[in-house]
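Fold and geometry: a report
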Amino acid sequence: MKYRMRSLVLILLAVLVFSACTGATSGVLTTKETAQLENLYGQDRDAVFRELGIKEQDVETALNENTYLSLAKTRTIGNLRYQRRLAFNLPSAFAGEDLVYVGEPGSASDPEVLKGLKALYEGAVKQYGEPDNDPDVVRTHLSELLEEQPQKIRQSYDSWNLSDKTVLTLSVMEVEDRALIEVQYRQAVK
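Here is a short report on the structure shown in this document. (Residues numbered from 1 in each chain as written. Predicted model: local features only at pLDDT ≥ 70, side-chain atom pairs only at ≥ 80, totals over all residues. Heavy atoms only, no water.)

1. As for the environment of F88
Quick reminder of the rule: Under the scheme used here, helices are H or I runs from DSSP no shorter than 4 residues and strands are E runs no shorter than 2 residues, and both carry numbers assigned from the N terminus. A simple rule labels every residue: compare its accessible area, found with a 1.4 Å probe on the protein chains alone, to the largest value its type can have, and call it buried under 20%, exposed over 50%, or partly exposed in between.
Examined against the element boundaries, F88 turns out to sit in the loop between strand 4 (80-87) and strand 5 (96-102). On the basis of relative accessibility, which here comes to 3%, the residue F88 falls in the buried class. A sequence separation of 40 residues divides F88 from V48, and the C-alpha atoms of the two residues are 7.8 Å apart.

2. Let's talk about the pattern of salt bridges
In plain terms, the rule: Between Lys or Arg on one side and Asp or Glu on the other, a salt bridge is scored when a side-chain nitrogen of the former is within 4 Å of a carboxyl oxygen of the latter.
If you walk through the whole model with that rule in mind, you get six salt bridges. With a shortest N-O distance of 2.8 Å, E97 and R84 are connected by a salt bridge. Of this pair, E97 sits in strand 5 while R84 sits in strand 4; the two residues are 13 residues apart in sequence, bridging distant segments of the chain. Per residue, the accessibility class of E97 equals that of R84, and both read buried. Look at the salt bridges and you will find they share partners, linking R85, D98, E182 and R186 into a network.

3. Points about the packing of aromatic side chains
Each aromatic ring pair is described using two quantities: the centre-to-centre distance and the angle formed by the ring planes. In plain terms, the rule: Each aromatic pair joins two rings of Phe, Tyr and Trp (for Trp, the six-membered one) with centres within 6.5 Å, and gets the label stacked for planes under 30 degrees apart, edge-to-face for over 60, and tilted for any other angle.
A full pass over the atoms with the stated rule returns three aromatic pairs. A ring pair is formed by Y82 and Y101, whose centres lie 5.9 Å apart and whose planes are at 55 degrees; its orientation type is tilted. Of this pair, Y82 sits in strand 4 while Y101 is found in strand 5, placing the two residues 19 residues apart along the sequence. A relative accessible area of 0% means that Y82 is categorised as buried. On the basis of relative accessible area, Y101 is assigned to the buried category, the value being 11%. Pairing Y121 with W160 gives two aromatic rings, centres 6.1 Å apart and planes at 50 degrees, and the pair type is tilted.

4. Section: the nonpolar core
Here is the rule: What is meant by a nonpolar core is a set of buried Ala, Val, Leu, Ile, Met, Phe, Trp, Tyr and Cys residues, joined one to another through side-chain atoms within 4.5 Å. The contact criterion used throughout is that any non-hydrogen atoms of two residues lie within 4.5 Å.
Residues Y82, L120, Y128, L170, I181, V183 and Y185 are the most contacted members of the largest nonpolar core, which totals 25 residues. Mapped by element, the contributors of at least two residues to this core are strand 4, strand 5, helix 4 (111-128), strand 7 (166-175) and strand 8 (178-187). Sequence-distant contacts of Y82, defined by excluding residues within four places in its chain, comprise T74, R75, I77, L99, V100, Y101, L120, I181 and V183.

5. Structural notes on the pairing of strand 3 (residues 68-77)
Heads up, the condition is: Paired strands, in this sense, are two strands between which DSSP finds at least two bridges.
Pairing of strand 1 (residues 25-26) with strand 3 involves two bridges; the strand directions are parallel. Directly across from T25, in strand 3, lies its bridge partner R75. Hairpin connection, strand 3 to strand 4: the antiparallel pair is bridged by two residues, and G78 has positive phi, about 65 degrees.

6. Quick look at helix 4
Selection rule: One less than the number of residues in a helix, times 1.5 Å, gives the span that helix is expected to have. This arc is built from the directions going out from the helix axis to the C-beta atoms.
With 18 residues, helix 4 should cover 26 Å at 1.5 Å per step; its first-to-last C-alpha distance of 25 Å lies within 8% of that length. Listed in full, the buried residues belonging to helix 4 are V113, L114, G116, L117, L120, Y121, A124 and Y128. Seen end-on, helix 4 carries its buried residues on one side only, within an arc spanning 165 degrees. More than 90 degrees from the buried face of helix 4, the exposed residues found are P111, K115, E122 and K126. Where helix 4 terminates, the next one or two residues include G129, which has phi positive at roughly 90 degrees.

7. Quick notes on empty space enclosed by the protein
This is how the line gets drawn: A cavity here means a set of points on a 1 Å grid, drawn over the protein atoms and nothing else, where a 1.4 Å probe fits but cannot get out; a pocket is an open set with protein on both sides within 12 Å along at least five of seven lines, and a residue lines either one if it has an atom within 4 Å of a point. Grid points are joined across faces, edges and corners, and a volume is the space filled by probe spheres set on the points. For this classification, Asp, Glu, Lys and Arg are treated as charged, while Ala, Val, Leu, Ile, Met, Phe, Trp, Tyr, Cys and Pro are nonpolar and the rest, including Gly, are polar.
Scanning all chains against the criterion turns up one cavity of 30 Å³ or more. Estimates place the volume of the largest cavity at around 50 Å³. Lining the largest cavity are L37, L40, Y41, V48, L86, A87, F88, A95 and G96. Classifying every residue of the lining of the largest cavity by side-chain character gives eight nonpolar, one polar and no charged.

8. Some points on the side chain of E182
The following threshold applies: Polar contacts here mean pairs of N or O atoms no more than 3.5 Å apart (in protein, one a potential hydrogen donor and the other a potential acceptor; neighbouring residues in sequence count only if both atoms are side-chain atoms).
With respect to the element layout, E182 can be found in strand 8. Accessibility expressed as a relative area gives 17% for E182, which makes it buried. Separated by 3.3 Å, the side chains of E182 and R85 make a polar contact. Setting aside anything within four residues of it in sequence, one finds E182 in contact with R85, L99, V100, T169, L170 and S171.

Structure below.
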């Protein structure tokens with residue numbers, strides 16, 4: 001029994017170490033990750049790379065004079081894999097981190113995509129509470145569609161004011177029968 005327990009502990013440690021080494025991440029950003037991101041608003045590429053432990057080989061594509069980066073490492077939320085994109089040293093409305101899922105193929109009402117979308121929304125509510133949607137913005141809220149008519153998801157969103165520095169927006173659109181799901185952690189515009 002003692003040997004068996006020791007083996008289980010060693011296997012668990014190996015899995016945790018492997019996950020840390022491969023950069024496997026899942027779920028919406030934690031409070032610690034969000035705070036780390038907030039410290040990077042307005043920083044240059046070198047500072048962002050240093051703080052996040054990013055190396056040149058981690059960057060898949062770079063746009064806008066290397067201030068908008070798509071990273072090779074993905075993040076899994078629910079059963080969907082999201083590409084990570086960082087924007088920094090840009091006007092505040094664009095600075096932050098985006099997680100983007102583009103269905104390959106699969107509409108937002110596809111059962112697997114819908115399952116992942118529900119997991120994303122539930123994870124955000126668990127981590128951040130109920131959305132803080134702006135009542136003056138007339139758009140369909142993701143929460144309502146997931147609850148009432150998931151087969152009719154075409155374009156919807158929900159947003160959270162995570163702090164006085166960061167706003168999270170979850171949005172989903174259908175583009176040519178493919179789901180485009182964006183998880184945007186952006187610097188709050190004042």
